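Working through the structure, step by step
So the chains spell out like this:
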Amino acid sequence: MDAPLDNRAIAERLETFALLLELAEANPYSVRAYRRAAELVRSTPADVAEVVRIGRVRELRGIGASIEARLVELVETGRIEELEELERTVSPEVVGYGRYLGLSARRSLDAAQALGLRTAADLARAVEDGTIRDAPGIGPKTAERLRAGLERPPGEERSLLLPQARELLEGIAAALDGTVAGDVRRCVDAPRHLAVVAPAGLAERLAGAPGIVAVVERDETHAVGVTTEGLPVELVLAEPGAAGTALLRATGAPAYVDGLAPLPEAATEEAVYAALGIPFCPPELREEPFRGEPPALVELAD
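Residues numbered from 1 in each chain as written. Predicted model: local features only at pLDDT ≥ 70, side-chain atom pairs only at ≥ 80, totals over all residues. Heavy atoms only, no water.

1. Re the overall build of the chain
Per the secondary structure count, the chain includes 14 helices and 5 strands. Each principal axis of the C-alpha distribution contributes one length, and for the chain these read about 70 × 55 × 35 Å. The proportion of buried residues among the 302 residues of the chain is 43%. In the chain, the proportion of contacts linking residues at least 24 apart, taken out of those at least 6 apart, comes to 55%. With the model as given, the accessible surface of the chain reaches about 15,400 Å², and the carbon-plus-sulfur share is 51%. Both charge centroids of the chain, one from 33 positive and one from 50 negative side chains, sit 5 Å from each other. (Helix = DSSP H or I, 4+ residues; strand = E, 2+ residues; numbered from the N terminus. Buried < 20%, exposed > 50% of the residue type's maximum accessible area, 1.4 Å probe, protein only. Contact = heavy atoms within 4.5 Å. Areas by Shrake-Rupley, 256 points an atom, 1.4 Å probe, with all protein chains shown as cover. Lys, Arg positive; Asp, Glu negative; His and termini not counted. Charge placed at Lys NZ, Arg CZ, Asp CG, Glu CD.)

Here it is in structure tokens:
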């Protein structure tokens, strides 16, 4: 190794291991064990690499013999051979996009191996030109359903619970210097429209954001990333002078936003409402057309 591994780097490798094991549909116990080990390593004040070297890593709660062996291999060689094998055979990008289209993780992996698919674009081309039917278990009906999935609006069918969606979007927003928007900002219990508003010019950073394994759409003002679970996340890109307008548009339900049209461009949401000549409306109330004085929200102090 060129440089010692710090705890963060070790935790990232363990998390990657857990993700690839999950996508390969390995024993759920093993997946959870590697995730817990990653959290433990990240939160441990001691230098875990040194603890491994002196043979005391099993003293950390939750580190068993199997994970100890992987840590020893990583610290001594800088690599984990089984992890590299998983990276060669399991493509998170293909699995994530397959789930987005409605294909199970196992079928996505089988298709990737049979057809040599490595990226979301590879899978999309296979669906479009019909070669996906050459993959095991893909019949005419499934192929047609996948083709229809290519045209399905993002978030039409699947959702998360609000706490899960908020955790996902907050990580993405932090990586992009952005703001959580969509159903999550309105505190919808089962949000479908997952969105983040970020400064213009940052679309290329979406691919590396936490939880994102593929970017399936991208232009100057808009991008759509897909998570390993196949959930689409919309990225709205805005110039500073129109950031408030973009956030308002990406937050409100369609009926609410349509009721305010046309929206003036402004740097903040407060400035947009001021230009419209109406009171500021909290995100939680932006469901149906509404222009009056909003009622008071229930706060924690209540």
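2. A look at the sheet that holds strand 3 (residues 212-218)
Taken together, the 5 strands give an open sheet; going across it, the order is 1-2-5-4-3, and neighbouring strands pair in mixed fashion. The open sheet terminates on both sides in strands that have one partner only, identified here as strand 1 (179-181) and strand 3. Averaged over all adjacent pairs, the angle separating strand axes in this sheet is 30°, with direction ignored. Alignment of strand 2 (residues 194-199) against strand 5 (residues 232-238), held across 6 bridges, turns out to be parallel. Note that in strand 5 the partner of P199 across the bridge is A238. (Pairing = 2+ DSSP bridges. Axes fitted to C-alpha atoms, helices over the stretch in contact; angles between N-to-C directions.)

3. Things to note about the pairing of strand 4 (residues 222-227)
Counting buried positions along strand 4 gives 6 out of 6 residues, so the element sits mostly inside the fold. The sheet contact formed by strand 3 and strand 4 spans 5 bridges and is antiparallel. When the sheet's bridge partners are listed, I212 is paired in strand 4 with T227. Bridge count between strand 4 and strand 5: 5 bridges; the pairing is antiparallel. Across the sheet, residue H222 finds its bridge partner in strand 5, namely V236. Following strand 4, the chain reverses through 4 residues before pairing antiparallel with strand 5; G230 in that reversal takes a positive phi of roughly 85°.

4. Topic: the side chain of T44
Take T44: it is sitting in the loop between helix 2 (28-43) and helix 3 (48-53). Overall, the relative accessible area of 12% leaves T44 in the buried class. The residues touching T44, leaving out its near neighbours within four places in the chain, are N7 and L60.

5. Observations regarding helix 8 (residues 120-129)
Among the residues of helix 8, those classed as buried are A120, D122, L123, A124, A126 and V127. In this structure, the buried side of helix 8 is in contact with helix 6 (92-101), helix 7 (105-115), helix 9 (140-151) and strand 3. After helix 8 finishes, the residue G130 shows a positive phi value of roughly 85°.

6. Comments concerning the packing of aromatic side chains
If you walk through the whole model with that rule in mind, you get 3 aromatic pairs. Between the aromatic rings of Y97 and Y100, the centroid separation amounts to 5.6 Å while the plane-to-plane angle is 25°, which identifies the pairing as stacked. Of this pair, Y97 and Y100 both sit in helix 6, separated by 3 residues, roughly a single helical turn. Residues Y273 and F280 carry aromatic rings whose centres are separated by 5.1 Å and whose planes lie at 65° to one another, so their mutual orientation is edge-to-face. Classification of Y273 by relative accessible area gives buried; the value is 1%. (Phe/Tyr/Trp six-rings, centres within 6.5 Å; stacked < 30°, edge-to-face > 60°.)

7. Remarks on the environment of D183
Inspection of the secondary structure puts D183 in helix 11 (residues 182-185). Expressed as a C-alpha distance, the spacing of D183 and L194, which sit 11 residues apart in the sequence, is 6.4 Å. A polar contact of 3.1 Å, which involves the side chain of D183, links it to the side chain of R186. (Polar contact = N/O pair within 3.5 Å; in protein donor to acceptor, adjacent residues only side chain to side chain.)

8. A look at the nonpolar core
Membership of the largest hydrophobic core comes to 34 residues, with the highest contact counts inside it found for I10, L14 and L71. In terms of residues, this core owes the most to one element, helix 1 (residues 7-23), which gives 8 residues. Of all hydrophobic cores here, the second largest spans 22 residues; its members include L162, I172, I212 and L237. (Core = buried A, V, L, I, M, F, W, Y, C linked by side-chain atoms within 4.5 Å.)

9. Some points on unusual backbone geometry
Glycine aside, a negative phi is what most residues show, and trans is what most peptide bonds show. Cis geometry is adopted by the peptide bond preceding P262, which originates at A261 and carries an omega value of 0°. Following the sequence through the fold, P262 ends up in the loop between helix 13 (254-260) and helix 14 (269-276). The phi torsion at D177 lies on the positive side, around 55°, for a residue other than glycine. Residue position: D177 is located in the loop between helix 10 (162-175) and strand 1. By relative accessible area, which is 54% here, D177 ends up exposed. Positive phi values are uncommon outside glycine, yet C187 reaches one of about 60°. Residue placement: C187 occurs in the loop between helix 11 and strand 2. Judged by relative accessible area, which is 33%, C187 ranks as partly exposed.

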